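Okay, here's what each chain looks like letter by letter:
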Amino acid sequence: MSSYRTKRTKLMKQACGITLILALCLAVVGCKPKSEPGRINAPPQNKIVPPRGFEKIEQINPTIMQAFYWEMGTKVGPNDYLKKYPKETNLWRLLAERAPGLKQVGISGLWLPPAAKAMAGGNSVGYDVYDLWDLGEFDQKGTVRTKYGTRAELDNAIKALHAQGIAVYFDAVLNHRMGADAQEEVPMDVGGSKTLWTKYTFPGREGKYAEYGAKPEWNWEYFDGIDGEDGGLLFSGKEWDDCVPDYLMGADVDYQYPAVREEIKAWGRWIIDEVGFDGFRLDAVKHVDNGFIHEWIDHVQNSSGKDVFFVGEAWIEDSNQLINYINAVDSPHLKVFDFPLHSYFLALANGGGGLNNMSRLAHVGLVNHPDYRDRAVTFADNHDTNRDGEAAGVHRYKYQAYAYLLTREYGIPCVWWKDYYIYGMKTGIDKLLLARKYYAYGPGYEVDNNDLDVYSYVRAGIPGTGTGLVLMLTDGPTGGKQIVSKRIDARKPNTTFYDLTGHVSGTVTTDGQGYGDFKVRMSEGEGWSVWVECPNQN
């Protein structure tokens, strides 16, 4: 009897072990029990699929990625980016390699770092620009390649990105030049003269690209002034250009000088038509002559068969002042980065939920202005707003920021490389990118029960498809687990939704008028939910 009991006990233990292993396997692969009749289950959390009728959508939502950060390829304090991410030292090659994956998650445009040769040569991020015509082709400033690679590697990256349907945008530094090759006597506005570094001879280029409009050298006449102890030193016969403020750094380019206007127009045509870029990010654009920016944009656009993309970095955090700048340039082609919206998320990060009003998200930023919302390029952070040892940027509630940008009806969102690849946010951002690619369509609607701590927003979807979504954001505390429910008109009657972020389990089915009780966590880390239609519904 005792041997029988021993054998039976062993068999029961083996059976329990097998059962446990099977249960673990089912959990790992995301299997679910067979649906009950009439019940709709959410798909596994590791699989976001296109909705029904997705093939009917003629234009996929555009999304930009900024493909660099300030510290790329360097060591800053304890952060050794060079050692940890060695492929980034050959960025042009890396972009070609990653092009298919970027297309898969819905990236439609890539903002590249300044690709022209700069004063610091191979160590430069690119904003101390020296020669706009040298894209890593000539031996100048101690190097042929730029920090990111050679001209041939850049050309190959553009081809690889274009093959995936991804547009490529040049970061154009038009305000100034740095790294002059020689000194010369320069007459000054206050009288007398000074010996200054204002002569650029571009010795490595040896006159190449003259047929496209490249000048063999620049002298002081190409500039309004240069940096001095108390700001810009104005040259004789010059005046600061039409912009406020004009002087920023380096040798300030004079856009009233005919030779400058002619060459920069020619260079813009060359970048688009010959090199193959599809648009520009205009660095420090508010410091460049407003009239010339208008004229230059029109010239480049009208000279090309492409629909050229232009976005200006006018760092203005007040919406009304930013609108004043847009009106001063007066070009329908120019978009701008939405710094007023960024300011909201920066204040949330610094002050926390206790000082915040989430309902303001219905109105804040250029993206919510009825006359200018189509001019907004929205972003959570960039190479200036987040920099090691200098600026922490949106260091909290950043997923909430991305969820907002990527589901909005208006504005073109820009995802940042450092958030995506370096700060470990790729998995979460990918969910939001796919929400944008597959579901963020149709008219956007504010809900009527937003409050200090919860913001919700609805995209109604395109009729005849399973597109559309309900966004919910909170400013809850770190580690918060409380779930808040809001009754929301999803604009889709008798439809079952699930939270594709996975932060809230289960499903929500709307009633005959489209209302449902949607949920979100009061949590800094998980206080962002995107409810979308469960697949396989009629």
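Residues numbered from 1 in each chain as written. Predicted model: local features only at pLDDT ≥ 70, side-chain atom pairs only at ≥ 80, totals over all residues. Heavy atoms only, no water.

A. Looking closely at the overall build of the protein. Of the regular secondary structure elements, the protein holds eleven helices and 26 strands. Projecting the C-alpha coordinates of the protein onto the three principal axes gives extents of approximately 110 × 55 × 45 Å. Within the protein, buried positions represent 56% of all 538 residues. At a minimum sequence separation of 6, the contacts of the protein that also span at least 24 residues come to 68%. Roughly 23100 Å² of accessible area belongs to the protein as shown, and the carbon and sulfur atoms make up 51% of that amount. (Helix = DSSP H or I, 4+ residues; strand = E, 2+ residues; numbered from the N terminus. Buried < 20%, exposed > 50% of the residue type's maximum accessible area, 1.4 Å probe, protein only. Contact = heavy atoms within 4.5 Å. Areas by Shrake-Rupley, 256 points an atom, 1.4 Å probe, with all protein chains shown as cover.)

B. Here's a closer look at the pattern of salt bridges. Counted according to the given criterion, the structure contains 32 salt bridges. Salt-bridge contacts for Asp134 lead to Lys117; the nearest nitrogen and oxygen are separated by 2.8 Å. In this pair, Asp134 is assigned in the loop between strand 6 (129-131) and helix 4 (151-163) and Lys117 in strand 5 (residues 117-118), connecting sequence segments 17 residues apart. Here Asp134 matches Lys117 in class, with each residue buried. (Salt bridge = Lys/Arg side-chain N within 4 Å of Asp/Glu carboxyl O.)

C. Quick look at the side chain of Glu263. Tracing the sequence through the fold places Glu263 in helix 5 (residues 258-275). Nearest to the buried, unbridged Glu263 among oppositely charged side chains is Lys215, at 4.5 Å. Within the local environment of Glu263, its side chain forms a polar contact with the backbone nitrogen of Lys215, the two atoms lying 3.2 Å apart. In this structure, Glu263 is in contact with Trp133, Gly213, Ala214, Lys215, Trp218 and Tyr222, ignoring residues within four places of it in sequence. (Lys, Arg positive; Asp, Glu negative; His and termini not counted. Polar contact = N/O pair within 3.5 Å; in protein donor to acceptor, adjacent residues only side chain to side chain.)

D. Focus on the pairing of strand 15 (residues 309-312). Residues Phe309 and Val311 line one face of strand 15 and the alternating positions Phe310 and Gly312 line the opposite face, and both faces are buried. In terms of strand pairing, strand 14 (residues 279-282) meets strand 15 through four bridges, oriented parallel. Looking at the pairing, Leu282 lines up with Gly312 of strand 15. Each parallel crossover has a hand, and for strand 14 linked through helix 6 (residues 290-303) to strand 15 it is right-handed. Examined bridge by bridge, strand 15 and strand 16 (residues 334-337) share three bridges and lie parallel to one another. By the bridge assignment for strand 16, Val311 is matched with Lys335. Assessed by its sense of winding, the connection that carries the chain from strand 15 through helix 7 (residues 319-329) to strand 16 is right-handed. (Pairing = 2+ DSSP bridges. Right-handed = clockwise from strand over helix to strand, strands pointing away.)

E. Highlighting the sheet that holds strand 1 (residues 64-66). The strand order around the closed barrel formed by eight strands is 1-4-7-14-15-16-17-18, and the pairing between neighbours is parallel. Taking each pair of neighbouring strands and ignoring which way they run, the sheet shows an average axis angle of 25 degrees. The strands that helix 9 (residues 398-407) touches are strand 17 (376-379) and strand 18 (412-416); relative to strand 18, the one it contacts most, it runs at about 145 degrees. (Axes fitted to C-alpha atoms, helices over the stretch in contact; angles between N-to-C directions.)

F. Just the environment of Gly351, in detail. Here Gly351 is to be found in helix 8 (residues 339-351). Gly351 gets classed as partly exposed once you look at its relative accessible area, which sits at 32%. Residues Gly351 and Val244, spaced 107 residues apart in sequence, show a C-alpha to C-alpha distance of 31 Å.

G. Spotlight on the confidence of the model for the protein. Chain-level pLDDT for the protein is 92 on average; 91% of the residues reach the 70-or-more range. In the model, residues 1-38 has pLDDT below 50 throughout and makes eight contacts with residues more than four positions away in sequence or in other chains. (pLDDT = per-residue confidence, 0-100.)

H. View of the packing of helix 3 (residues 91-104) against helix 4. One way to put it is that helix 3 packs onto helix 4 with a least axis distance of 8 Å and a crossing angle of 15 degrees. With respect to helix 4, the element helix 3 is oriented roughly parallel. Of the two elements, helix 3 crosses helix 4, and the hand of that crossing is left-handed. On the side of helix 3, the interface is formed by Trp92, Arg93, Leu95, Ala96 and Ala99, while helix 4 contributes Glu153, Leu154, Asn156, Ala157, Ala160 and Leu161. (Parallel < 35°, antiparallel > 145°, perpendicular 65-115°, else oblique. Left-handed = near helix turned anticlockwise from the far one by under 90°.)

I. Local environment of the pairing of strand 18. Taking burial as the measure, the five residues of strand 18 include five buried ones, the bulk of the element. Examined bridge by bridge, strand 1 and strand 18 share three bridges and lie parallel to one another. Looking at strand 18, one finds that Gln66 is bridged to Trp416. Sheet analysis places strand 17 next to strand 18, joined by three bridges and oriented parallel. When the bridges of strand 18 are listed, Thr378 appears paired with Pro413.

J. Main features of helix 5. Spanning 18 residues, helix 5 covers 24 Å between terminal C-alpha atoms, matching the ideal 26 Å at 1.5 Å per step. Burial within helix 5 is extensive, with 13 of its 18 residues counted as buried. Directly after helix 5, the chain includes Gly276, whose backbone phi takes a positive value near 105 degrees. (Expected span 1.5 Å × (residues − 1).)

K. A look at the sheet that holds strand 19 (residues 444-446). If you walk across this open sheet you meet the six strands as 19-20-21-26-23-24, and the pairing is antiparallel. Strand pairing shows two members of the sheet lacking a second neighbour, strand 19 and strand 24 (507-509), which therefore form its edges. The average angle at which neighbouring strand axes cross in this sheet is 25 degrees, direction not considered. Where strand 19 meets strand 20 (residues 454-459), three bridges bridge the pair, whose relative direction is antiparallel. In the sheet register, Tyr445 faces strand 20, and the bridge partner there is Val458. Together, strand 20, strand 21 (469-474) and strand 26 (528-533) form the strand contacts of helix 9, whose direction differs from that of strand 21 by roughly 155 degrees.

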